[in-house]
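The primary structure of each chain is shown beneath.
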Amino acid sequence: MADYIYPVARLIDCFRRLPGVGSKSAARMAFGVLEMSDEEAEEFRAAIKGVKEDVHRCSVCCNLCDGDKCAICSDTSRDGSVICVVEDSRTVAALERSNEYNGTYHVLGGVISPMNGITPDRLNVKELIGRLSGGVKEVIIATNPNIEGETTAVYLSKLIRPLGIKVTRLAYGVPVGADLEFADSETLARALEGRREF
Ligand code: ZN
């Protein structure tokens, strides 16, 4: 970043750390910030501070929230006897957009990946098992359709089925290797409808 004076180079470097942002986009963003009014820039600063200070994990489902429980776990009209297990909060948002699901969720916080040193104890598996004594009838495993997602699904089904709870897996209308986050709502709705039992 030798082409820019230090404060600008520093901001460009910050933007570059974000996923999917290259040098050119980072520079465009930094210059966008330079053109902002003081109020707009302050809003950015406050928003970044806010997500770091106010966002934490729901005490029930480990989804992101800004209170003790997330809006879904607090909603008494949701069916608490069904838990849909997902990798991250972005998949919760994607499934919610499908408007097809009225159960609850459990956010694992990743998938089992021995290559990357992610073992089940690094995920929110204990929290999931802890929820299963409370009248849960079905666990839908909605990890992504790739090797790590499948490994995680098989691991969880082996853990949960002996407890006498039905374990299902989404039927995918989405291509193998794709991210659920980017699937359109109709595909996700069909995938939910066609889920199969383990
Ligand atoms: Zn929750």
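Before reading further, recall that the structure is shown in the block above.
Read on for an overview of the structure. Here the structure is a predicted model, which is why all the values come from computation and not from measurement.

**So, the sheet that holds strand 6 (residues 166-169)**
Phase 1: With respect to topology, 5 strands assemble into an open sheet ordered 4-3-5-6-7, the strand pairing being mixed. What marks the edges here is a single partner per strand, and that holds for strand 4 (103-107) and strand 7 (196-197).
Phase 2: Summarising the sheet, strand 3 (residues 79-86) and strand 5 (residues 138-141) pair through 4 bridges and their orientation is parallel. Within the sheet, the bridge partner assigned to Cys84 lies in strand 5 and is Ile140.
Phase 3: Here helix 5 (residues 89-97) sits on the sheet in contact with strand 3 and strand 4, set at roughly 160° to strand 4.
Phase 4: Docked against the sheet, helix 7 (residues 147-160) engages strand 3, strand 5 and strand 6, running at close to 170° with respect to strand 6.

**A word on the nonpolar core**
Phase 1: Formed by 24 residues in total, the largest nonpolar core has its most connected members in Cys84, Val86 and Tyr105.
Phase 2: Going through the elements one at a time, helix 4 (71-74), strand 3, helix 5, strand 4 and helix 8 (185-193) are the ones with two or more residues in this core.
Phase 3: In this view, Cys84 contacts Leu95, Tyr101, Thr104, Tyr105, His106, Ile140 and Ala142; residues no more than four positions away in its chain are not counted.
Phase 4: In terms of nonpolar packing, the next biggest core, distinct from the first, is built from 16 residues, Ile83, Val85, Leu108 and Val167 among them.

**Quick notes on the environment of Ala9**
Phase 1: Mapped onto the elements, Ala9 comes out in helix 1 (residues 6-16).
Phase 2: For the pair Ala9 and Ala27, spaced 18 residues apart in sequence, the C-alpha to C-alpha distance is 8.3 Å.

**Digging into the side chain of Ser98**
Phase 1: Within the secondary structure, Ser98 is located in the loop between helix 5 and strand 4.
Phase 2: In this structure the side chain of Ser98 is engaged in a polar contact, spanning 2.7 Å, whose partner is the backbone oxygen of Leu95.
Phase 3: Beyond its immediate sequence surroundings of up to four residues, Ser98 is in contact with Ser185, Leu188, Ala189 and Leu192.

**Details of unusual backbone geometry**
Phase 1: Phi angles above zero are rare outside glycine, and Cys62 is one such case at about 70°.
Phase 2: The topology assignment puts Cys62 in the loop between strand 1 (56-57) and strand 2 (64-65).
Phase 3: With relative accessibility at 6%, the residue Cys62 sits in the buried group.
Phase 4: In this model, Asn99 sits at a positive phi of 55°, which is unusual for a non-glycine residue.
Phase 5: With respect to the helices, strands and loops of the structure, Asn99 is situated in the loop between helix 5 and strand 4.

**Some points on the state of the cysteines**
One covalent bond between the sulfur atoms of two cysteine residues makes up a disulfide.
Phase 1: Enumeration over the complete set of coordinates arrives at 0 disulfides.
Phase 2: Not engaged in a disulfide, the cysteine Cys62 finds its nearest cysteine sulfur in Cys61; these two sulfurs lie 6.6 Å apart.
Phase 3: The thiol sulfur of Cys65 is not disulfide-bonded, and the nearest other cysteine sulfur, from Cys58, lies at 5.0 Å.

**Observations concerning the layout of surface pockets**
A probe as big as a water molecule, rolled over the atoms, marks out the empty space that is left.
Phase 1: The calculated volume of the largest pocket comes to roughly 360 Å³.
Phase 2: Looking at the largest pocket, the residues that line it are Pro7, Arg10, Leu11, Cys14, Phe15, Leu18, Val33, Ala41, Phe44, Arg45 and Ile48.
Phase 3: Among the elements of the structure, helix 1 and helix 3 (38-54) are those that each provide at least two residues to the lining of the largest pocket.
Phase 4: Top contributing element to the lining of the largest pocket by residue count: helix 1, with 5 residues.
Phase 5: For the lining of the largest pocket, the class distribution of residues is 9 nonpolar, no polar and 2 charged.

**Quick word on the packing of aromatic side chains**
Phase 1: In total, this model carries 2 aromatic pairs according to the counting rule given.
Phase 2: Ring centres of Tyr101 and Tyr105 lie 5.1 Å apart, and the angle between their planes is 65°; on these two criteria the pair is classed as edge-to-face.
Phase 3: Using a relative accessible area of 1% as the deciding quantity, one classes Tyr105 as buried.

**Things to note about the coordination of the zinc ion**
Phase 1: The coordination sphere of the zinc ion, as far as protein atoms go, consists of Cys58 (SG), Cys61 (SG), Cys70 (SG) and Cys73 (SG), spread over 2.2 to 2.4 Å.
Phase 2: Taken together, the 4 donor atoms coordinating the zinc ion span angles of 104 to 117° at the metal, a pattern that classifies the geometry as tetrahedral.
Phase 3: Expressed as a motif, the donor residue spacing for the zinc ion is C-x2-C-x8-C-x2-C. Taken together, the residues span a long stretch of sequence, with Cys58 in the loop between strand 1 and strand 2 and Cys70 in the loop between strand 2 and helix 4 at a distance of 12 residues. Both residues of the pair, Cys58 and Cys70, count as buried.

What counts, and at which threshold
Residues numbered from 1 in each chain as written. Predicted model: local features only at pLDDT ≥ 70, side-chain atom pairs only at ≥ 80, totals over all residues. Heavy atoms only, no water. Pairing = 2+ DSSP bridges. Helix = DSSP H or I, 4+ residues; strand = E, 2+ residues; numbered from the N terminus. Contact = heavy atoms within 4.5 Å. Axes fitted to C-alpha atoms, helices over the stretch in contact; angles between N-to-C directions. Core = buried A, V, L, I, M, F, W, Y, C linked by side-chain atoms within 4.5 Å. Buried < 20%, exposed > 50% of the residue type's maximum accessible area, 1.4 Å probe, protein only. Polar contact = N/O pair within 3.5 Å; in protein donor to acceptor, adjacent residues only side chain to side chain. Disulfide = S-S within 2.5 Å. 1 Å grid on protein atoms, 1.4 Å probe; cavity = no way out; pocket = protein on both sides within 12 Å on 5 of 7 lines; lining within 4 Å. Points joined across faces, edges and corners; volume = space filled by probe spheres on them. Nonpolar A, V, L, I, M, F, W, Y, C, P; charged D, E, K, R; others polar. Phe/Tyr/Trp six-rings, centres within 6.5 Å; stacked < 30°, edge-to-face > 60°. Donors = N, O, S within 2.8 Å, 3.2 Å for Na, K, Ca; no water. Tetrahedral: all angles 85-135°; square planar, octahedral: opposite > 155°, others 65-115°.

That is the geometry; function is a separate question.
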